[in-house]
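These are the residues of each chain, in order.
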Amino acid sequence: MKTFKYMMAGVAMAAMAATGVSLTSCSDLDENPYTFIDPNSYYKTEAEVQTGLTGTYNRFRRLYSGNNALYLAEIEMLTEQGWPTYNKDNMHELSQWVYANSESVGGVMKIWAMAYECINRANVVLGRVDGVSMSDESRKRIKGQALFLRGYTYFHLLRLFGGVPLTTTYTNGVEGLDIPRASVDDTYKRIIDDLKQAEEFLPVRGTGGYEVWRASRGSAQAALGEVYLYKATMNDNNREDLQLAKDYSWQVINSKVYKLMPEFTDNFYWFNANAKNCEESVFELQYSEQAGQSNCMHIRFGLGRTNTAYMGCYQYARFGVSGLLYKEMVEKGDKRANALLSYFEGLCGPDAKSLVSQPCRYNINTLSWEPKAWNDRPAEMRAVFNCKYFDNRTSFSLEAPNANFPILRYSEVLLNYAEAANLLNAGDGLEELNEVRRRAGIGNLPEGTSQADIDNDILDQRRYEFVGEGKVFFDELRKDKLADFATEKCRKTKELGITYMSDEIVFKPKKTYLFKIPKGDLDSNKALKGAQNPDNVSK
């Protein structure tokens, strides 16, 4: 795993961006320098505030994409969902949890700085919008979106690091950057307050000329349902929080604005040209076919040595989906397996030097591609790949794949409701769970299924529903199943001799697991002195 030698403090980076200083870092893909206009000389008109809001969406998107796409790979690799497909950056060691107590490893550490850039941009918008002439409706919509993005970003930080420094005013220089760490409870309060205000200010999705891709009232309610469910299950299934998770999820369901797409694959651009911001989408990252706006996840997480015309763009083969998980889904007849790539037309063959463009299929019995597929290092690949990231519609010559990426889908709202309802009263929420199961082609759980069996099944539905969407790590952590699944993955892949998986797990995370605060931030923020998370202890 690459060690990032130079890491700027998140709030310091945000301040430098606000004053127009651009920062770049070494990576596989060049990152365009950016500037952020001085808020004291800009934000004089509604159009200028909208530009600032667009910049906030841009920074939120970078929590997942651009060079930060590796974060998504890393948290998937820490679950049973992900397999490495080559050994650059020692990706296999992530699966083994070698870096469980590192202060300076990879994309997860970069999330801190990216998050505070987004938070600072949201604070600029919120700090300037009241001084600009516009209609009350426009002001509320702008505030609501900025609050949603800030609140959800803090939620991201809380799940990874615990309590974090909280700031609601923008920085415009290098003074006042020493911000103490807040408690977990205070961080939850900030998240919930932001999302509740967003709910109050935002309109229903797609109404009154409000663009369908923007954060909406349903986005805020869905996020509140997710936040309260996480809070409840991390605290012995606290009933008050479970009730709130149920209530907010029900508001989304009862709004009748969203519904499941008929087929699971209808959610994704590879299968459906109209997938973007479809009826199941509650909030998603927007991409387009132009430089700086395209979907880097397609490029990072593909097949490497393939026919670019078939795959829609060049690709690296950095990580894929566990063949064990894919086999599990296929053998259960789960149609969600269809969103994973098990066939391609491209360069494959008996060895990396004898490649021919030909059809290649995945064999679930041998957990291998036939003929053999090779990554760009070259070594044999044994993973399957995730069409949720891919774009086979945009001209490959543009090298700008633009499939959107889901953050909140209606299926998650249904599962959140089902989990909270069942934990409050055994058997409640079964219809919402069964709606997700029926769409997957696996039928209903019967009435009378025990509370524990329903709860276990909900976790399984999350495991199959959200492969590669950055959800399963947090779900398995809060349900205290992460260590069990990760341990079994390492055991089986070692037994099978899967490429790059030669060792058993060396660390088994507890439910209380938190990543270390990046060392650079501890060093540069004096108020964080002594605030590092304690070493995690293996189960």
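First things first, this report covers the structure right here in the doc. It should be emphasised that the depicted structure is a prediction, and the values quoted were computed from it without experimental measurement.

Here the focus is the environment of D391. Looking at where D391 falls in the secondary structure, it is placed in the loop between β8 (385-386) and β9 (405-409). Judged by relative accessible area, which is 0%, D391 ranks as buried. Separated by 193 residues in sequence, D391 and A198 place their C-alpha atoms 32 Å apart. For D391, the contacting residues outside a window of four places in its chain are Y269, W270, H298, M311, G312, A400, P401, N402 and A403.

Attention now moves to the environment of L242. For L242, the position within the fold is in helix α9 (residues 239-254). Overall, the relative accessible area of 0% leaves L242 in the buried class. As a C-alpha pair, L242 and F515 span 273 residues in sequence and 26 Å in three-dimensional space.

Right, let's get into helix α7 (residues 184-201). Side chains of residues three or four places apart in an α-helix project in the same direction, reflecting 3.6 residues per turn. For α7, spanning 18 residues, the distance from its first C-alpha to its last is 26 Å, which sits close to the expected 26 Å at 1.5 Å a residue. Taken as a whole, α7 has its buried residues at T187, Y188, R190, I191, I192, D194, L195, A198, E199 and F201. Close packing links the buried residues of α7 with α6 (136-161), α8 (217-233) and α9.

Tracing the backbone shows S322 in the loop between β3 (319-321) and α12 (323-331). Polar side-chain contacts of S322 include one of 3.1 Å to the backbone nitrogen of L324. Beyond its immediate chain neighbours, meaning those up to four positions away, S322 contacts E80, Q81, G82, W83 and V384.

Judged by pairing direction, the sheet is antiparallel, and its three strands sit side by side in the order β5-β6-β7 without closing on themselves. Whereas interior strands pair on both sides, the edge strands pair on one side only; in this sheet they are β5 (343-348) and β7 (368-370). Going across the sheet, the axis of each strand differs from the next one's by a mean of 45 degrees, ignoring polarity.

Here we come to the state of the cysteines. Tallying each qualifying case throughout the model produces zero disulfides. Unpaired in this structure, C118 has its nearest cysteine sulfur neighbour in C296, at a distance of 18 Å. Left without a disulfide partner, C348 is nearest to the cysteine sulfur of C360, which lies 3.9 Å away.

Among the nonpolar cores identified, the biggest contains 147 residues, and F60, W97, F148 and L157 are the most heavily contacted of them. If you tally residues by element for this core, the top one is helix α5 (residues 106-128), at 13 residues.

Attention shifts here to unusual backbone geometry. The bulk of non-glycine residues show a negative phi, and the bulk of peptide bonds are trans. Cis geometry is adopted by the peptide bond preceding P371, which originates at E370 and carries an omega value of -10 degrees. Locating P371 in the fold gives a position in the loop between β7 and β8. Positive phi, normally seen in glycine, also occurs at N277, with a value near 55 degrees. Relative to the helices and strands, N277 is located in the loop between α9 and β2 (281-285). Even without being a glycine, D480 presents a positive backbone phi close to 60 degrees. Relative to the helices and strands, D480 resides in the loop between α16 (472-478) and α17 (482-496).

Another aspect to go through is the packing of helix α2 (residues 46-61) against α6. In a packed pair of helices, the relevant descriptors are the angle between the two axes and the axis-to-axis distance. Two numbers describe how α2 lies on α6: the axes approach to 10 Å, and their chain directions differ by 20 degrees. Between α2 and α6, the crossing angle belongs to the class labelled roughly parallel. Crossing geometry of α2 relative to α6 is assigned as left-handed. Residues E46, V49, Q50, L53, T56, Y57 and F60 of α2 pack against S138, I142, Q145, A146, L149, Y152 and T153 of α6. Of the residues assigned to the contact of α2 with α6, the class counts are eight nonpolar, five polar and one charged.

What follows is about the packing of aromatic side chains. As enumerated under the stated definition, the model contains 34 aromatic pairs in all. Judged by centre distance (5.9 Å) and plane angle (70 degrees), the rings of Y152 and F155 are edge-to-face. In this pair, Y152 and F155 both sit in helix α6, three residues apart, roughly one turn of the helix. Relative accessible area serves as the criterion here: at 1%, Y152 is assigned to the buried category. It is R159 that lies over the ring of F474; its NZ or CZ is 4.0 Å from the centre. Over the face of the ring belonging to Y269 we find K276, whose NZ or CZ atom lies 5.1 Å from the ring centre.

Rules and cut-offs
Residues numbered from 1 in each chain as written. Predicted model: local features only at pLDDT ≥ 70, side-chain atom pairs only at ≥ 80, totals over all residues. Heavy atoms only, no water. Helix = DSSP H or I, 4+ residues; strand = E, 2+ residues; numbered from the N terminus. Buried < 20%, exposed > 50% of the residue type's maximum accessible area, 1.4 Å probe, protein only. Contact = heavy atoms within 4.5 Å. Expected span 1.5 Å × (residues − 1). Polar contact = N/O pair within 3.5 Å; in protein donor to acceptor, adjacent residues only side chain to side chain. Pairing = 2+ DSSP bridges. Axes fitted to C-alpha atoms, helices over the stretch in contact; angles between N-to-C directions. Disulfide = S-S within 2.5 Å. Core = buried A, V, L, I, M, F, W, Y, C linked by side-chain atoms within 4.5 Å. Parallel < 35°, antiparallel > 145°, perpendicular 65-115°, else oblique. Left-handed = near helix turned anticlockwise from the far one by under 90°. Nonpolar A, V, L, I, M, F, W, Y, C, P; charged D, E, K, R; others polar. Phe/Tyr/Trp six-rings, centres within 6.5 Å; stacked < 30°, edge-to-face > 60°. Lys NZ or Arg CZ within 6 Å of the ring centre and 35° of its normal.

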